[in-house]
Each structure stands twice: as structure tokens, then as C-alpha cells.
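Below, each chain spelled out in residue letters.
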Amino acid sequence: MNPFLPVLAALVVSLACAYFRVGLRVWTIAVVVAIAAVGWLADTHWLAIAIPLVVFALIAVPLNLPDFRRSKLSAPLLKLFQQVTPKLSDTEQIALEAGTVGFEGELFSGKPKWATLLKQPKPELSVEEQAFLDGPVEELCRMVNDWEITHERADLTPEIWDFLKKRKFFGMIIPKEYGGLGFSALAHSAVLQKIAGMSTTLVSTVAVPNSLGPGELLVHYGTQEQKDHYLPRLADGREIPCFALTGPYAGSDATSIPDYGIVCKGEWNGANVVGVRLTFDKRYITLAPVATIVGLAFRMYDPDKILGDVEDLGITLALLPRETKGLEIGRRHFPLNVPFQNGPVRGKDVFVPLSQLIGGPDMAGQGWRMLVECLSVGRAISLPSNTTGGAKSAAAATGAYARIRKQFGMPIGRFEGIEEALARIGGYTYAMSALSLATAAAVDRGEKPAVPSAIAKYHATELAREVAKDAMDVHGGKGVILGPKNWIGRGWQGAPIAITVEGANIMTRSLMIFGQGAIRCHPYVLREMQAIRVPEYRERLKQFDAALFGHIGFAISNAVRSFVLGLTFARIGRVPGDAYTRRYYRKLNRYAAALALVADTSMLVLGGKLKFKEKLSARLGDVLSNLYIASAMLKRYEDQDRPVTDQPFLAWAFHDCVWRMQMALDGVLRNFPVRPVAWLLRVLVFPFGRREVPPSDRLGRRVAALLTAPNEARDRLTAGIYKTPNANNPVGRMNALLPDVIAAEPVERKFIKASKSGELKGYDWAAQLADAQAKGVLSAAECDLLKRVRDASFEFISVDDFDPSELEAGRHAKPVLRSVA
Ligand SMILES: Cc1cc2nc3c(=O)[nH]c(=O)nc-3n(C[C@H](O)[C@H](O)[C@H](O)COP(=O)(O)OP(=O)(O)OC[C@H]3O[C@@H](n4cnc5c(N)ncnc54)[C@H](O)[C@@H]3O)c2cc1C
């Protein structure tokens, strides 16, 4: 018998243990049993059993003796780790500690527990929240005339401002006990989605007070007095808030704000009190021109040691009433023809008392922590919802328009080129909806989803930009000519705004998603980093040892899983789902293992330098993001009871995610600086090369077909947007016309055929139609249908023209040129 069989058995069992991720003891016992059993069954020489057992014992025994392992292996590694681990700055430390880890941690583990995802409750609105959507939100949408807002007034109408305040749209996140609506994140998101399609100006105005700013900061950190005073006033719009962090010298790098406040005594409401004298120059501040209360971030100094021994207290947040002496406010910026209120805020030596610090004097210097802790919640809702609502609306509008608009005798939606654009619109909208839903649900479960909120902000805004571009292309000239009849142009113009705000996207992708995700979501790295900060040596060593050996087992397991799942084309393993989606879960298992392997190796090989290798970090972030988006889609599919008719949307979006993951991983390996490591990783990740393909043309055709006709899958995709077919909602009216347009298509084909054959008399459409009826080519009812559809469609294909004087700006803006301070 072959004397190597016991060794082979040990290897196979070790691989199986790594694949199933069993513990050290189980592995040790399993290998011993395998060597002995295979040797005995194969009747090998006793030495063929004894030698492998001895060699294995030399490896396994030290690992199974904790004291020995710690002193001989972990202790020197701990010393090395302490030397090479880069010291985190205070701001990095705060960013890492803020927020919680949810299902993204499972994805990063390389072996996601799908049950954890699927048992999360299905997100649902309360009766009261649904009533708000069906009542005040519906009413608000009816009031919107976006041309009037964007072109004629450069502002919302006074009626809309009043309505927003009266119906507490600015108080959605303020608890009921303070007079707010106390809505769930899901309801907050649903409101933004519904109004987003009607007006980008409106949705930006509503989103800001409900996101990171005075309201949210006061709810979490305000003193009781501040809460009692401000929250009811913010809830009903007596106070309009803005929050000022960004300035000319501090944009993405917000911690470097040069704005400062000096602790001193000054006069406030006639009394001499201790406060701060503030000097600041802020820009891009949403709602500032109309704000009555300004949340201000500044660095606080106490040079005269009035408050204690510390001179540089750090970033601090204060509330400045509009009437504060010296506050310069009211001028406006003009963001890409989407004229929501936005402008600069400045002040020199502006005095406010310490009672105006958010949270009072005790919170001096805590500003950055407060902002980072709240950011994950606001960022998970505002922009993802805003852009998802916009994309849903664009999908409904473009699908309908592609059916109504005809060229070469056919609806343009039938042309393959248009189908491609429609498929992207449908697929991306499906992905965005699932992503928004997942992050809102995470907030409602009490999570502070730091990493998912960055994923949602980045990907929802990027995909929305793609959707806006495709929607514009499908609309052709109709999209380009602005005016009351254009429902798509302003959304396209405003798309880059969402990319820029709440952390500009290039930085979010390059620095934050993976940069934060790798350490936060990794099951061991944060534990290792925390372990080296434990003051007592024995405890430090114990914790480090546990994390380190867990990490080693984890890395081996990921390498094995990635390779095995690659070799088997991810066709193995028990997963949930139905016959249609089981293969999707398996694919995600494969890419989760690959991400965990490549991410770990990158951290090990590149260490602290990985932070500066932004292109690698961004691509790893893309893999994590697409894993998250794909999981969110599968959860949505399950929550909606596996609707068969949605499968083209799901399939298109899923294949797109997998394709992107593959290309991102390929990009990492192609550009990995240590080539031999990259070659090894390539074998483990892509044993048969890159086999994923983008969504097929056939699948794209099915998606396009769903978008261009009324059906339940289309209704589900565009659920929650304003579809009421009234005077100010052309998209609603186009959708209402769609059944007639489709019914008229066979009639129109008969008519065109007769016209082309020369059978019909007359030079224009009306004359030929009359002749078609006279000659019995079409019945009276058919002629009536064609006429009705043609008349109704004309409005949608026509564009505006203006008297030249109507396009002149009433007053010429005179921007102020400021000298450099
Ligand atoms: C319409 C609008 C509304 C806004 N509302 C508010 C508000 O209400 N309150 C407020 O305080 N702020 C607000 N902002 C500011 C917004 O948050 C900033 O614009 C944003 O943080 C980026 O700063 P910046 O525009 O100065 O870009 P910059 O910091 O100049 O960045 C320029 C580019 O460099 C990239 N970049 C920067 N650093 C890195 C890096 N390390 N790695 C890779 N890329 C990097 C960025 O991603 C960006 O693409 C608003 C901005 C706009 C445009």
C-alpha cells in the first residue's frame, strides 16, 4: 500500500477543517484520527503512521498549549506588532470607535451567516407613517411646480415653506415628546423618496434639518434646557436650522477647520458672562440664507485658562441665533441650477455664552466625536433616499417615454441601443432601492451603520448619476430643452451635488469604505489593535494571543475557501434561497472568502502603507460594497416573498454586482506591488481565470420590457414615488396613458402599413386617418383610440419655447470678490 496515504489523509482533513472553519482542538483530533484510521485501513507499515503522527505532534502540541504558545510564539509577535502598528490619530480613533458593525461584518468574515440577514424583520411602515405619506406628502407633491421653483423664484413658494413647517416635515427625526413626528428611519426615507422625484430643491430642503445638524445633535447631546427650548421650535419650523462645518480651507479634511473660539467674558442679553469669541468663515452651508439658528463647528481655545488647565480644547459645536451680533448671513450660492437655500456664513469676534455650546460647557472639545457618531445615521438616510427616489422616478418616466416616443415607426424602447440604457436604469434602480432599504432598516434596528452608510452614500449617488445620464440619453432633445415640460433635466443637472456633499465621493471610496471597513468589520484586526493597548502585560498577551491565532486560522480558512469555491465555480455549500437564488448566495460566499483573503494579505504585506494605496483600497471597498448591495437585494427579494416577475431586475443587478466584484479584485491583483504575492493570490482567487460576465443582452431586453409596460414588477420597482396623474405631474400622467398607448400599437401598425402602401388619401396624418376609417381599414373606435393617444402624447413629446425676454435674468447677480485674509 502507498505509504503516503496517511499524509494525504492529514492534508485532506486539514483542508476540510479549514474550509468549515473548525477550532484548533477539533482539527488536531481530526488529523490524528485521519492518519491513524487511513494508515490502519490501508494496511500501511507502522512507520507510515508513526512518522506523520510525530511530525504533526511537533506542530499541533505547542499550538494546543496556551502558556507555551503565548510565551514562545505570541510574545515576540506582540513586540513586533507593537512596533509596526501605526499609531492612530485621535480623529481616526474616534472614527473607528463610532458606529456599530452589522451584516457587513459577516461579509467581511469570508463565511457569511445568511440566516443572520434573513431573520432580520421585514421593514414596514406604521399606520401613522403610511397615513402621513398618503396625506401630507401627497398634498405637498401636488403643490410642487419645479419650473417655478428652479427658474422663476429660485426658491420654494411661500405656500410650500408654510406647509412644510405646519405639517412638521422638518421634525421627522425629533421625538414626539418634543413635538416632532418621531418617525422611523424607514418612514423618513420613504418621505424623501416620494418628494425627490418632484423637486430636487424640495427634497434637499426637507432632508437637511432631518440629517446631521442642530436637531439631531440636540436630541443626542443637548442639555435638557436646550432640548426643551429648541426641539419643539425646530419641529414646527419656528426655527430653521443649518449646520456650518465646511470652509474655504477645510472641505474633505474637516478636522482641519481654522475657525476658532476664544474663551472669554462678554455681554449676552445684558449680563456679563463667560463665553467664546468666535471667528469663522464657512461656505456651502445648506439652508444658511434662511436659517434662524446656525450650528457652528470651531476649534475652542482657552488661553487664559478660565475653564481649566487645557488651552486647546478641540473641536466644539455651538448654536448661534441668527440675530447674534456680528453674524454675517443671508447671501446665497447657486448650486447647479438647483436653487435650494445654500450660502456662506461668516463672523469675526462674535460672542456667544457657554450655554450656547451644544451640550453645554461639558461638551467643549467633544464636537468631532459628536459629529462622527451622528454622521452614520444621517448619511444612511438622506442621500441614499433622495437619489433612490430620483432614480425610481427616472425609471418610471424613461420607461413610459420610451414607449410613447416613436421613431422609424416604432417605440424607441424597442431599439437595442435604448434597451441597453433602460436595462441599466432598471437594474441600478433595483440595486439602489435595496441598498436604501437595508441602511434604513439597520438604523431602525438601533445600529449606527458607519460602513454601510458610507457604502450607501457613495453607491446610491454614483448609480443615480448613471441613471440620470441614461435617462437623459433616452429622452434625447426632450431632456435637454429646459422649461415646464421638462421633467428630467434638472435632476441630471443636480446629480453631481449629491456626489459632493456629506463627504465627496472620491474620498469616500478611496479612503473610507475599505479604510474604515477593513478594521471595523474584520473579526480580528480591531481586537488585535485593542489588545496592544491593554496596560497589564499578561492580560495584553492573553488577548493578543487569542486574536492572533484566531486571525491565523481565519486567514488559512479564507485561502482554502476562496480556492475551493473558485475551483468548483461556487456550486457547493448549503445556502438559503429558492431554486433561482441559491446560486447567487453561493457566488457571494465565494467573493466574500476572496475579499477576506485579499484584504488580509494586503494588510499583512502593506501594513500602514495600505492607507496611502488609495487605488487598491478603493477597489477592495468596491468588493465589500457590491457584496453588501447584492445581499441587500437578496433580502429584499425574500422580504417581498420571492416575486418571480422581479427576477429580471434582480438577475441583471446581481450579475452587474458580481462582474464589478470580479473586476475590482482583478484590479487589486494586477496592481499589487509585491508581485509573487499577487501571483499566489490570483491562483487562490481565480483558479480558472476571470469567468464572470456582465448581464447579457437577453436579460437586458427583459428588464427593458418590464420598464416600458405596466406590470407588477414595474410597480414594485417604482413603489413610493408620486404617480398621481394631476396637472403638475407629467410623469404620473404619462404612466396613466401607458395602457392606451400599448392598446393603440397594433392599430397604429395597421394604419402605417396602409399609409405606406399608398392606399390612404391625404398629405397629413388627420386626413389619412379619416380616409382609413372611410375605407374600413380602421374602425371608428380604433380611429378614436389613435387620435386620443396621439393628442395626449403630443404634450409629452413637445418642448417649451420662450420669448427671448423671458429668459433674461431679472437682476444681474454681482458676486463679491473677497481678498484673501
Ligand atoms: C451644495 C452643497 C451643500 C453643502 N452643504 C453643507 C452644509 O450644510 N454644511 C457643511 O458644513 N458643509 C456642506 N457642504 C460641504 C461638503 O460637505 C463639502 O463640499 C465636502 O466635504 C467636500 O469638500 P470640498 O467641496 O471642499 O472638496 P475638496 O475637499 O476640495 O475635495 C476635492 C476633491 O478631492 C477629493 N479628495 C479630498 N481628499 C481626498 C483624499 N484623501 N483621497 C482622495 N480624494 C480626496 C474629494 O473627494 C473631492 O473629489 C456642502 C457642499 C455643497 C456643494
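Residues numbered from 1 in each chain as written. Predicted model: local features only at pLDDT ≥ 70, side-chain atom pairs only at ≥ 80, totals over all residues. Heavy atoms only, no water.

**A word on the overall build of the chain**
Okay, so step 1: Each helix and strand counted, the chain has 31 helices and nine strands in total.
Okay, so step 2: Here the C-alpha radius of gyration of the chain, 31 Å, is about what a compact globule of 821 residues would show, namely 28 Å.
Okay, so step 3: Each of the 821 residues in the chain was classed as buried or not, and the buried ones make up 54%.
Okay, so step 4: Residue pairs at least 24 apart in sequence account for 75% of intrachain contacts in the chain once pairs closer than 6 positions are excluded. (Helix = DSSP H or I, 4+ residues; strand = E, 2+ residues; numbered from the N terminus. Rg over C-alpha atoms; globule rule 2.2 N^0.38 Å. Buried < 20%, exposed > 50% of the residue type's maximum accessible area, 1.4 Å probe, protein only. Contact = heavy atoms within 4.5 Å.)

**Here we look at the packing of helix α15 (residues 367–404) against helix α17 (residues 450–475)**
Okay, so step 1: Packing of α15 against α17 leaves a shortest axis separation of 8 Å and a crossing angle of 20°. Looking at the two axes, α15 sits roughly parallel to α17. In this structure, α15 crosses over α17, and the sense of that crossing is left-handed. Contact with α15, carried on its side by S376, R379, A380, L383, P384, T387, A391, A394, A397, T398, Y401 and A402, involves A450, S453, A454, A456, K457, A460, T461, A464, V467, A471, V474 and H475 of α17 and no other residues of that element.
Okay, so step 2: Tallied by class, the residues present in the contact of α15 with α17 amount to 16 nonpolar, six polar and two charged. (Axes fitted to C-alpha atoms, helices over the stretch in contact; angles between N-to-C directions. Parallel < 35°, antiparallel > 145°, perpendicular 65-115°, else oblique. Left-handed = near helix turned anticlockwise from the far one by under 90°. Nonpolar A, V, L, I, M, F, W, Y, C, P; charged D, E, K, R; others polar.)

**Topic: the pattern of salt bridges**
Okay, so step 1: Using the criterion set out here, one finds 39 salt bridges in the structure.
Okay, so step 2: Between D622 and R509 there is a salt bridge; the shortest N-O distance is 2.7 Å. Taken together, the residues D622 in helix α24 (residues 614–639) and R509 in helix α20 (residues 505–521) connect sequence positions 113 residues apart.
Okay, so step 3: Under the relative-accessibility criterion, R509 is labelled partly exposed at 24%.
Okay, so step 4: The partner of D646 in a salt bridge is R716, with the nearest N and O atoms 3.1 Å apart. Taken as a pair, D646 in the loop between α24 and α25 (647–671) and R716 in helix α28 (residues 712–717) lie far apart in primary sequence, 70 residues in all.
Okay, so step 5: Accessibility expressed as a relative area gives 1% for D646, which makes it buried.
Okay, so step 6: Here R716 falls in the partly exposed class, since its relative accessible area comes to 21%.
Okay, so step 7: Three or more residues are tied together by salt bridges with common partners; here these are D67, R69, R70 and D545. (Salt bridge = Lys/Arg side-chain N within 4 Å of Asp/Glu carboxyl O.)

**Comments concerning the site of the ligand**
Okay, so step 1: Near the ligand lie 20 residues; those nearest to it are F243, T246, S252, Y284 and E614.
Okay, so step 2: At 2.8 Å, a backbone N or O of F243 approaches a nitrogen atom of the ligand.
Okay, so step 3: In the model, an oxygen atom of the ligand is placed 3.0 Å from a nitrogen or oxygen of the M507 main chain.
Okay, so step 4: Burial of the ligand by the protein amounts to 69% of the accessible area it has alone, namely 960 Å². (Near = heavy atom within 4 Å. Polar contact = N/O pair within 3.5 Å; in protein donor to acceptor, adjacent residues only side chain to side chain. Areas by Shrake-Rupley, 256 points an atom, 1.4 Å probe, with all protein chains shown as cover.)

**Section: empty space enclosed by the protein**
Okay, so step 1: Enumeration according to the criterion identifies two cavities of 30 Å³ or more in this entry.
Okay, so step 2: Size it by volume and the largest cavity reaches roughly 180 Å³.
Okay, so step 3: Only α6 (103–108), α16 (416–444) and α24 provide two or more residues apiece to the lining of the largest cavity.
Okay, so step 4: Ranked by residues supplied to the lining of the largest cavity, first place goes to α24 with six residues.
Okay, so step 5: Taken together, the residues of the lining of the largest cavity sort by class into ten nonpolar, two polar and six charged.
Okay, so step 6: The computed volume of the second largest cavity comes to approximately 80 Å³. (1 Å grid on protein atoms, 1.4 Å probe; cavity = no way out; pocket = protein on both sides within 12 Å on 5 of 7 lines; lining within 4 Å. Points joined across faces, edges and corners; volume = space filled by probe spheres on them.)

**A closer look at the packing of aromatic side chains**
Okay, so step 1: Inspection of every chain in the model, using the stated rule, returns 21 aromatic pairs.
Okay, so step 2: Aromatic ring contacts, followed pair by pair, group F132, F163, F169 and F183 into a single cluster.
Okay, so step 3: Taking NZ or CZ as reference, R583 lies 4.8 Å from the ring centre of Y580, over its face. (Phe/Tyr/Trp six-rings, centres within 6.5 Å; stacked < 30°, edge-to-face > 60°. Lys NZ or Arg CZ within 6 Å of the ring centre and 35° of its normal.)

**Structural notes on the environment of L588**
Okay, so step 1: By the secondary structure assignment, L588 is in helix α23 (residues 582–606).
Okay, so step 2: Here the alpha-carbon distance between L588 and C657, two residues 69 residues apart in the chain, equals 10.0 Å.
Okay, so step 3: Once you skip the residues sitting within four places of it in the chain, L588 turns out to touch W114, L627, A630, S631, L634, F654 and M661.

**Some details on the pairing of strand β5 (residues 312–321)**
Working note: regular strand, side chains alternate between the two faces of the sheet.
Okay, so step 1: Most of β5 sits out of view: eight of its ten residues are buried.
Okay, so step 2: When strand β4 (residues 293–301) meets β5, the two strands line up antiparallel, connected through nine bridges. Considered in β5, the bridge of Y301 is made with D312. (Pairing = 2+ DSSP bridges.)

**Description of the packing of helix α5 (residues 90–97) against α20**
Helix packing for two helices is described by the angle between their axes and how far apart those axes are.
Okay, so step 1: Put simply, α5 and α20 touch, their axes get as near as 10 Å, and they point 65° apart. The chirality of how α5 crosses α20 is right-handed. On α20, the residues that touch A95, L96 and E97 of α5 are Q516, I519 and R520.
Okay, so step 2: In terms of residue class, the contact of α5 with α20 is made up of three nonpolar, one polar and two charged.

**Re a negative patch on the surface**
Okay, so step 1: Among the surface-exposed residues, D801, D803, E806 and E808 lie close enough to one another that they form a single negatively charged patch.
Okay, so step 2: For D803, the position within the fold is in the segment after α31 (780–797). (Patch = residues over 30% accessible without salt bridge, like charges linked within 9 Å, V, L, I, M, F, W, Y side chains within 5 Å. Lys, Arg positive; Asp, Glu negative; His and termini not counted. Charge placed at Lys NZ, Arg CZ, Asp CG, Glu CD.)

**Comments concerning the environment of A547**
Okay, so step 1: Of note, A547 is situated in helix α22 (residues 537–567).
Okay, so step 2: According to the relative accessible area criterion, A547 is buried, its value standing at 1%.
Okay, so step 3: Sequence-wise, A547 and M529 are 18 residues apart; in three dimensions their C-alpha atoms are separated by 9.5 Å.
Okay, so step 4: In this structure, A547 is in contact with Y524, R527 and E528, ignoring residues within four places of it in sequence.

**Re α24**
Okay, so step 1: For α24, with 26 residues, the first-to-last C-alpha span of 36 Å sits near the 38 Å given by 1.5 Å per residue.
Okay, so step 2: Judged by how many residues are buried, α24 sits mostly within the fold: 23 of 26 residues are covered.
Okay, so step 3: Immediately downstream of α24, the backbone of D641 shows phi near 60°, a positive value. (Expected span 1.5 Å × (residues − 1).)

**Side note on the side chain of E462**
Okay, so step 1: Looking at the secondary structure, you find E462 in helix α17.
Okay, so step 2: Apart from residues lying up to four places away in sequence, E462 is in contact with I499 and N505.

**Focus: helix α1 (residues 5–20)**
Okay, so step 1: Over its 16 residues, α1 extends 22 Å from the first C-alpha to the last, a length consistent with the 22 Å expected when each residue adds 1.5 Å.
Okay, so step 2: Within α1, burial applies to P6, A9, A10, C17, A18 and Y19.
Okay, so step 3: The secondary structure elements touched by the buried residues of α1 are α2 (24–41), α3 (46–64) and α22.
Okay, so step 4: At the C-terminal side of α1, R21 shows a positive phi close to 55°.

**Considering a nonpolar patch on the surface**
Okay, so step 1: Together, W46, L47, I51, V54, V55, L58 and I59 line one region of the surface with nonpolar side chains, adding up to about 730 Å² of accessible area.
Okay, so step 2: For I51, the position within the fold is in helix α3.

**Some details on unusual backbone geometry**
Okay, so step 1: The backbone phi angle of K305 is positive, close to 50°, even though this residue is not glycine.
Okay, so step 2: Residue placement: K305 occurs in the loop between β4 and β5.
Okay, so step 3: Within the chain, F569 stands out as a residue other than glycine whose phi angle is a positive 55°.
Okay, so step 4: Note that F569 resides in the loop between α22 and α23.

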